2 protein chains.
Amino acid sequence: MTYEAYLGYDRAQLLEKLQAKVSSKRLAHMLAVEETSKRLARQYGVDSEKAGLAGLLHDYAKECPDQVFLDIIDREGLDQDLKNWGNNVWHGLLGGYVIAAELGVTDQEILTSIARHTVGAAGMSQLDKIVYVADYIEPTRNFPGVEVARLLADQSLESAVAYETAKTIAYLTQKGLPIYPETLATYNAYCPYLPTDAY
Amino acid sequence: MTYEAYLGYDRAQLLEKLQAKVSSKRLAHMLAVEETSKRLARQYGVDSEKAGLAGLLHDYAKECPDQVFLDIIDREGLDQDLKNWGNNVWHGLLGGYVIAAELGVTDQEILTSIARHTVGAAGMSQLDKIVYVADYIEPTRNFPGVEVARLLADQSLESAVAYETAKTIAYLTQKGLPIYPETLATYNAYCPYLPTDAY
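Along each chain, residue indices are assigned from 1 in the same order as the chain's sequence is written. The lettering of chains begins at A and the numbering of ligands begins at 1, in the order of writing. Per-residue local features of the predicted model are confined to residues with pLDDT of at least 70, and side-chain atom pairs are confined, for both listing and counting, to 80 or more; whole-chain, interface and lining totals are unaffected and use all residues. Excluded from the side-chain calculation are hydrogens and water; included are all heavy atoms of the structure.

K.L.:
Help me understand the overall build of chain A, please; the structure alone is not making it clear to me.
P.N.:
For chain A, the helix and strand inventory stands at 12 helices and zero strands. Working definition: helices are DSSP H or I runs of at least four residues, strands are E runs of at least two. Numbering for both runs from the N terminus. Going residue by residue from the N terminus, the α and β elements of chain A occur as α-α-α-α-α-α-α-α-α-α-α-α. Radius of gyration here is computed from C-alpha atoms only, and the compact-globule reference equals 2.2 Å multiplied by the residue count raised to the power 0.38. Relative to the compact-globule value of 16 Å for 199 residues, chain A shows a C-alpha radius of gyration of 16 Å, a close match. With the principal axes as the frame, chain A shows a C-alpha extent of 45 × 40 × 30 Å. Relative accessible area decides the class of each residue, using a 1.4 Å probe on protein chains only: under 20% of the type maximum gives buried, over 50% gives exposed, and in between gives partly exposed. Scored against the burial criterion, the 199 residues of chain A give a buried share of 53%. Roughly 8,700 Å² of accessible area belongs to chain A as shown, and the carbon and sulfur atoms make up 50% of that amount. Positive and negative side-chain charges of chain A, numbering 18 and 27 respectively, have mean locations separated by a distance of 4 Å. Accessible areas in this description were obtained via Shrake-Rupley with a 1.4 Å probe; residue shielding takes into account the shown protein chains only. Residues counted as positive are Lys and Arg, residues counted as negative are Asp and Glu, and His and the chain ends are not counted. Each charge is placed at NZ for Lys, CZ for Arg, CG for Asp and CD for Glu.

K.L.:
Where do I start with the interface of chain A and chain B in this structure?
P.N.:
Frequently, the measure chosen for interface size is the accessible area that the parts lose on association. Opposite the 19 residues of chain A that make contact, chain B presents 19 residues. Two parts lose some accessible area (1.4 Å probe) when they are put together, and adding that loss for both gives the buried area. Broken down residue by residue, the surface that chain A buries against chain B is led by Thr173, Leu184 and Tyr187 of chain A, which jointly contribute 34%. When a carboxyl oxygen of Asp or Glu is within 4 Å of a side-chain nitrogen of Lys or Arg, the pair counts as a salt bridge. The interface formed by chain A and chain B includes zero salt bridges. For the purposes of these results, a polar contact is taken to be a pair of N or O atoms within 3.5 Å, where, inside protein, one atom must be able to donate a hydrogen and its partner to accept one; residues adjacent in sequence count only when each atom of the pair is a side-chain atom. At the boundary of chain A and chain B, one finds six residue pairs in polar contact (both at pLDDT 80 or more). Broken down by secondary-structure element, the contributors of at least two residues to the side of chain A that touches chain B are α11 (157-175) and α12 (181-190) of chain A. We call two residues contacting when some pair of their heavy atoms lies within 4.5 Å.

K.L.:
I would appreciate a short explanation of the relation of the copies chain A and chain B in the present structure.
P.N.:
Look at the two chain copies: a rotation about an axis and a shift along it is all it takes to match them. Here the copies were fitted onto each other by least squares, based on C-alpha atoms from residues at pLDDT of at least 70 in both. With an RMSD of 0.0 Å, the operation that places chain A on chain B is a rotation of 180° combined with a shift of 0.0 Å along the axis. Both copies are brought into coincidence by an operation consistent with a two-fold rotation axis. Relative to the rotation axis, the C-alpha of alanine 170 of chain A is the closest in chain A, positioned 2.4 Å from it. Both copies contact each other with a shared surface, as 100% of the interface residues of chain A are interface residues in chain B too.

K.L.:
I keep staring at helix α5 (residues 66-75) of chain A and nothing clicks. Help me out?
P.N.:
Quick reminder: α-helices carry 3.6 residues per turn. Residues three or four places apart thus point the same way. All names here are of chain A. Taken together, the buried positions of α5 are Phe69, Leu70, Ile72 and Ile73. Down the axis of α5, the sector holding all buried residues measures 160°, keeping them to one side. At its buried positions, α5 is contacted by α6 (87-93) and α7 (95-103). At the exit of α5 stands glycine 77, carrying a positive phi of roughly 65°. Starting at the helix axis, one direction is taken to each C-beta atom, and the arc is that of these directions.

K.L.:
Explain the nonpolar core to me, please; I cannot follow it from the model alone.
P.N.:
Within soluble globular proteins, side chains that are nonpolar generally end up buried alongside one another. The term nonpolar core refers to a set of buried residues drawn from Ala, Val, Leu, Ile, Met, Phe, Trp, Tyr and Cys, joined through side-chain atoms within 4.5 Å. Counting 133 residues, the largest nonpolar core has Leu14, Leu18 and Leu57 of chain A together with Leu14, Leu18 and Leu57 of chain B as its most contacted members. Once residues within four sequence positions are removed from consideration, leucine 18 of chain B is found in contact with Leu27, Met30, Leu56, Leu57 and Tyr60 of chain B.

K.L.:
Looking at this structure, I do not really get the environment of alanine 153 of chain A. What am I missing?
P.N.:
All names here are of chain A. Tracing the backbone through its elements, the reader meets alanine 153 in helix α10 (residues 146-155). Each C-alpha atom of the pair alanine 153 and threonine 186 lies 16 Å from the other, and the pair is 33 residues apart in sequence. Other than its neighbours up to four places away in sequence, alanine 153 contacts Leu40, Gln43, Tyr44, Val133, Ile137 and Ala160.

All quantities given are derived from atomic positions and should not be read as evidence of function.
This is how it looks when you write it as structure tokens:
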């Protein structure tokens, strides 16, 4: 039964829980990331069930109120500086706490890939890279550069990670928005894989 | 006598030393940063002699061989990670060691503003901001965005720091080049001052 090894219940029951947790638009995105994660996993020799579940769950905590994350930061004794950031950082980095508590997921590789899906990390596993990239290129995504990202993802996960991170940083500077330091660490670790003709 | 309080000798003698140290093209840029730093200092109520000297000296170490900086890192017991960067970071962060040793400058505010002229810092003094911005907007500079930076510098040093740092980061991501973490700290500290219509 799909995902039962990780959940103790099956995918159909999980979908019911997801429908109760997030909007239908967000669920459609999560389902698309599930599919793209499975496809990339098969292409790159990664466990596709694990990748599919991580992709499906990656935005589970995206609609949680801020107070949920602020409480997690206190309860888990995390760096208080995290409170200066917002949902965009929290739903990824801290999403695993919500997912573990509410869905019973304990697999650390899955939880880590979800923690890293927004800001990445300097040394990502293949699974981490797959969820990070799938979130950016899934078929319903439509923004300048997404086609380049899709082409790069077919050639190398590292180049796709680099491109996605570079574009994200450039976008944030154009908007004058703060950049989480781990995003820079991701960029610096993967920028050597950025094709010079990607832009 | 101009600069004698900081040097023990005067500006004419300093210019002879600079001519022997850097190319004529670089010296022209350093002289332009001297002038712009003095102008900004008068505008923002900062000691214009101090700003002029910091501006004039900011690139003093730019043509030093890499080994000079690698030796400084070892001799001063600095973070070995600095060795992974290059002249662009070193000539600023470590330039003060060369300037102190070869020119006899001991004023810490001047040396700090030179140390910060390339990567900035989260909490820059007015002098630091002036040298950082003057380096970007001096009259011989000619690149997309320099006119916006000049306009912003007339309105607020903080907005000019933010704009310059945002543009630098965006440029580096387009080239796939690594970004020094202190540059990100500068951006995150000053991005709230970035006018939303600056681009």
